[in-house]
Amino acid sequence: MINSFLHSLSVQQRVIGALLRREILTRYGRNNIGFLWLFVEPMIFTMVLTAIWSVRRAGLEIPVVTFAITGYPIAMIWRNSVSRSKSAISPNNALLYHRNVKVFDIFAARILLEITGSVASFFFLVMLFNFSGMIQPPEDLLKILFGILLTAWFGAALALVIGSLAERFEVVNRLWSPFSFFLFVTSGVFFLVDWLPPIAQKYILWLPTIHGVELVRDGYFGRLFNTHYNIAYLSFWNMFLSLLGLALLRQAGRNVEIS
Amino acid sequence: MIFVDNVTKRYKTRAGNNTVLDNISLQINKGEKVGILGRNGSGKSTLIRLLGGVEKPDSGTITRSMSVSWPLAFSGAFQGSLTGLDNLRFICRIYGTGIVDKIPRVKEFSELGTYLHEPVKNYSSGMKARLAFALSMAIEFDCYLIDEVMAVGDRRFHDRCRYELHEKRKDRSMILVSHNPKEIRKHCTVFYVLNQSRLRRFDDADKAYNYYQTI
């Protein structure tokens, strides 16, 4: 039994690896603008935010560039992985003709690639801005890594949930866009929890996304402000969404119409 | 051997459940050539997909003790922006075989020449069919599932397909699905007719064909 499990595991690894290479080629392809875009988009955002804030919030006690760079790229980790997983099945539908390729593998390859890309983009930007002297090095790298890990886990789990639901219900596909905007705006990209009035803090901390961003910011420049996050709370959300996502995926896998 | 035991498959439609296969059983031995006849929409392709493990039956079991190909008719799964060679690499990786030794054979059979390095979206439909078939022949199986593979391509392509499948691999099992009885009569020794979710077995081509005419 353990042998057949190991065999299945190695098959799955192989399949996900093959799908990953295929995704890389189709997504970032041979004309490399797609790959470049991964870095350019958060960079533009960071710069625009920096430009606006330098004017409006002059005299703010926290460094604006550091604030921007620990917001948008972190939110991109979960946002990109969900938006890519929404359309994971239909273009790859025919691949399911190969017995070894399962719906889970297609999702896994997409999510892995998206998360890796967003995380790489974050670190690339941090290094770039560090070398150019626009930001200071981080205070606690481990906290940052942990925050990214939890956010990535959140992104992967949410991608499974939304991806499987969108496969079955078109309305989920449509509603994701406003919903993701809501999650994005409330995830702390534009504010620190500490700036909010206590009553608003209480409610905003119900949302899981903000905990990851605050944790990353605590790691980067937590000395400069009061952070509000709860690792156990975010982990609980992650576990819940993971289980829900896997259950929904199982359902979706059964219902996929193979063209 | 493939052993199909009391398999039922239904699809959800707006008018309720549509039972495509109702409690069918069959057994395919090593080296056996099985032909499946049936009208359009009688469930031939569903049966092939179940045999290939692409879909799961709603009840009953399918046991495979030999390696079974994917359904060969399908020319899809080509991502337009990938080249023919990328697609070959992908297939080889999925099935865990070497790639380098496959390239010359695929090149030779598909007759794509330098187009093997072009994105598939630039291929003609004939080229796609040739690539699809060449890829199917790149991985060796004990049993081939063939779903109307001869529906596309020109005469020369058909002759080459026939040679690859029925001459070079005549020791393998084959399950041939078609609504063209001539094709099945020529290559098969066991015949099934699929009608109204039921499968009927015939050991004689004429009997199978006569029954097929009456439905």
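Each chain carries its own residue numbering, running from 1 in the direction its sequence is written. Ligands are numbered from 1 and chains lettered from A, in the order in which they are written. In keeping with the predicted nature of the model, local features appear solely for residues at pLDDT of at least 70, side-chain atom pairs appear and are counted solely at 80 or more, and the whole-chain, interface and lining totals rest on all residues. Values shown for side chains rest on all heavy atoms present in the structure; no hydrogens or waters enter the calculation.

Participant: Honestly, the overall build of chain A in this entry has me stumped. Any pointers?
Facilitator: Per the convention used, a helix needs a DSSP run of H or I reaching at least four residues, while a strand needs a run of E reaching at least two, with both numbered from the N terminus. Secondary structure assignment for chain A yields eleven helices and zero strands. Radius of gyration here is computed from C-alpha atoms only, and the compact-globule reference equals 2.2 Å multiplied by the residue count raised to the power 0.38. In terms of overall dimensions, chain A is globule-like: its C-alpha atoms have a radius of gyration of 19 Å, near the 18 Å expected for 259 residues. Summarising its shape, the C-alpha atoms of chain A cover approximately 60 × 45 × 40 Å along the three principal directions. Partly exposed describes any residue whose relative accessible area lies between the buried limit of under 20% and the exposed limit of over 50%, with all areas from a 1.4 Å probe on protein chains only and scaled to the type maximum. Within chain A, buried positions represent 49% of all 259 residues. A sequence separation of at least 24 residues applies to 77% of the contacts in chain A between residues at least 6 apart. Computed with a 1.4 Å probe, the accessible areas rest on the Shrake-Rupley method; for each residue, only the protein chains presented here act as cover. Accessible surface, chain A as shown: approximately 12,600 Å² in total, 68% of it carbon and sulfur. Throughout, a contact is declared for two residues whenever any of their heavy atoms are within 4.5 Å.

Participant: Is there a simple way to explain a nonpolar patch on the surface in this structure?
Facilitator: Residue and element names in this part refer to chain A. For patches, a residue must show more than 30% relative accessible area and have no salt bridge; joins then use 9 Å for like charges and 5 Å for nonpolar side chains, namely Val, Leu, Ile, Met, Phe, Trp and Tyr. Any Lys or Arg side-chain nitrogen found within 4 Å of a carboxyl oxygen on Asp or Glu counts as a salt bridge. On the surface, I2, F5, L6 and L9 cluster together into a nonpolar patch covering about 410 Å² of accessible area. By the element assignment, F5 lies in helix α1 (residues 2-27). The partly exposed category is assigned to F5, whose relative accessible area is 49%.

Participant: So what exactly am I meant to see when it comes to the interface of chain A and chain B here?
Facilitator: Where interface size is given, it is often the accessible area lost as the parts come together that is meant. Taken together, the contact between chain A and chain B spans 22 residues of the former and 29 residues of the latter. Buried area between chain A and chain B, both sides added, is near 2,200 Å², and the carbon and sulfur share of it is 57%. Among the residues chain A hides against chain B, the three largest losses belong to Y97, H98 and R99 of chain A. Together they make up 34% of the total. Scanning the region where chain A abuts chain B turns up zero salt bridges. Polar contacts, as used here, are pairs of N or O atoms within 3.5 Å; protein pairs need one atom able to donate a hydrogen and one able to accept it. Residues neighboring in sequence count only if both atoms are side-chain atoms. The tally of links from chain A across to chain B stands at five residue pairs in polar contact (both at pLDDT 80 or more). A per-element tally of the side of chain A that touches chain B places α1 of chain A first, with eight residues. By buried area we mean the combined loss of accessible area, with a 1.4 Å probe, across both parts when two parts are placed together.

Participant: How should I be thinking about the sheet that holds strand β2 (residues 16-28) of chain B in this particular structure?
Facilitator: Within a sheet, neighbouring strands are paired by backbone hydrogen bonds and run either parallel or antiparallel to one another. All names here are of chain B. Between any two strands, at least two bridges found by DSSP are needed for them to pair. Across the sheet, which stays open at both edges, the three strands sit in the order β2-β1-β4 with antiparallel pairing between neighbours. This sheet does not close on itself; its edge strands, each paired only once, are β2 and β4 (59-64). The average angle at which neighbouring strand axes cross in this sheet is 30°, direction not considered. Note that strand β1 (residues 2-13) and β2 share nine bridges and pair antiparallel. Within β2, the residue paired with R10 across the bridge is T19. Each axis is a line fitted through C-alpha atoms, and for a helix only the stretch in contact is used; angles between axes span 0 to 180 degrees, taken between their N-to-C directions. Here helix α1 (residues 44-51) sits on the sheet in contact with β1, β2 and β4, set at roughly 125° to β1.

Participant: What am I meant to see in helix α4 (residues 72-85) of chain A here?
Facilitator: Given 3.6 residues to a turn, an α-helix orients residues that are three or four positions apart in the same direction. The terminal C-alpha atoms of α4 of chain A, which comprises 14 residues, lie 20 Å apart, in line with the 20 Å expected from a rise of 1.5 Å per residue. Most of α4 of chain A is tucked away: eleven of the 14 residues are buried. A helix is expected to span 1.5 Å for every residue after the first.

Participant: Hey, could you run me through unusual backbone geometry in this one?
Facilitator: One can expect most non-glycine residues to show negative phi and most peptide bonds to be in trans. Residue and element names in this part refer to chain B. Despite not being glycine, N23 has its phi angle at roughly 55°, a positive value. With respect to the helices, strands and loops of the structure, N23 is situated in strand β2. Positive phi is not limited to glycine here, since Q196 has a value of about 50°. Topologically, Q196 is positioned in the loop between β7 (190-195) and β8 (198-202).

Participant: Teacher, can you tell me more about the packing of aromatic side chains here?
Facilitator: Working definition: an aromatic ring pair is given by the centre-to-centre distance plus the angle between the planes. Aromatic rings from Phe, Tyr and Trp, taking only the six-membered ring of Trp, are treated as a pair when their centres fall within 6.5 Å; an angle between ring planes under 30 degrees marks them as stacked, one over 60 as edge-to-face, and anything in between as tilted. As enumerated under the stated definition, the model contains 20 aromatic pairs over all chains in all. Summarising the aromatic geometry, the rings of F202 of chain B and Y211 of chain B are spaced 5.5 Å apart at their centres and angled 40° between planes, so their arrangement reads as tilted. These aromatic residues form a ring-pair network of at least three members: F45, Y72, F184 and F190 of chain A. Lysine NZ or arginine CZ positioned within 6 Å of the ring centre and within 35 degrees of the ring normal marks a charge as sitting over the ring. Sitting above the plane of the Y212 of chain B ring, R39 of chain B keeps its charged end 4.6 Å from the centroid.

Participant: Quick question: what am I supposed to make of the confidence of the model for chain A here?
Facilitator: Caution applies to low-pLDDT parts of the model: their predicted coordinates are not meant to be read in detail. Counting all residues, the mean pLDDT for chain A is 88, and 96% of those residues have values of 70 or more. Summary of the metric used: pLDDT quantifies the predictor's per-residue confidence within the range 0 to 100. The least confident element of chain A is helix α2 (residues 33-56) of chain A, whose mean pLDDT is 78; the most confident is helix α7 (residues 141-168) of chain A, at 95.

Participant: Help me understand the packing of helix α6 (residues 103-131) of chain A against α7 of chain A, please; the structure alone is not making it clear to me.
Facilitator: What describes two packed helices is the angle between their axes and the distance between those same axes. Residues and elements named next belong to chain A. Where α6 contacts α7, the axes come no closer than 10 Å and their chain directions differ by 145°. In this structure, the crossing between α6 and α7 has a hand that is right-handed. The residues of α7 that touch α6, namely those facing F107, I111, I115, V119, F122 and F123, are I144, L145, I148, A152, A156, A159, L160, G163 and S164. In this scheme the crossing of two helices becomes right-handed for a clockwise turn of the near helix relative to the far one and left-handed for an anticlockwise turn of less than a right angle.

Participant: Which parts of the structure should I look at to understand the sheet that holds β8 of chain B?
Facilitator: Residue and element names in this part refer to chain B. In spatial order, the strands read β5-β6-β3-β7-β8; together these five strands make up an open sheet with mixed pairing. Of all the strands in the sheet, just β5 (143-147) and β8 have a single pairing partner and so form its edges. Between one strand axis and the next, the sheet turns by 20° as a mean value, whatever way the strands run. Note: strand β3 (residues 33-38) against strand β6 (residues 173-178), five bridges, orientation parallel. Bridge assignment links L37 to a residue of β6, and that residue is S178. Across the sheet, α1 lies against β3, β5, β6, β7 and β8, angled at about 155° from β6, the strand it touches most.

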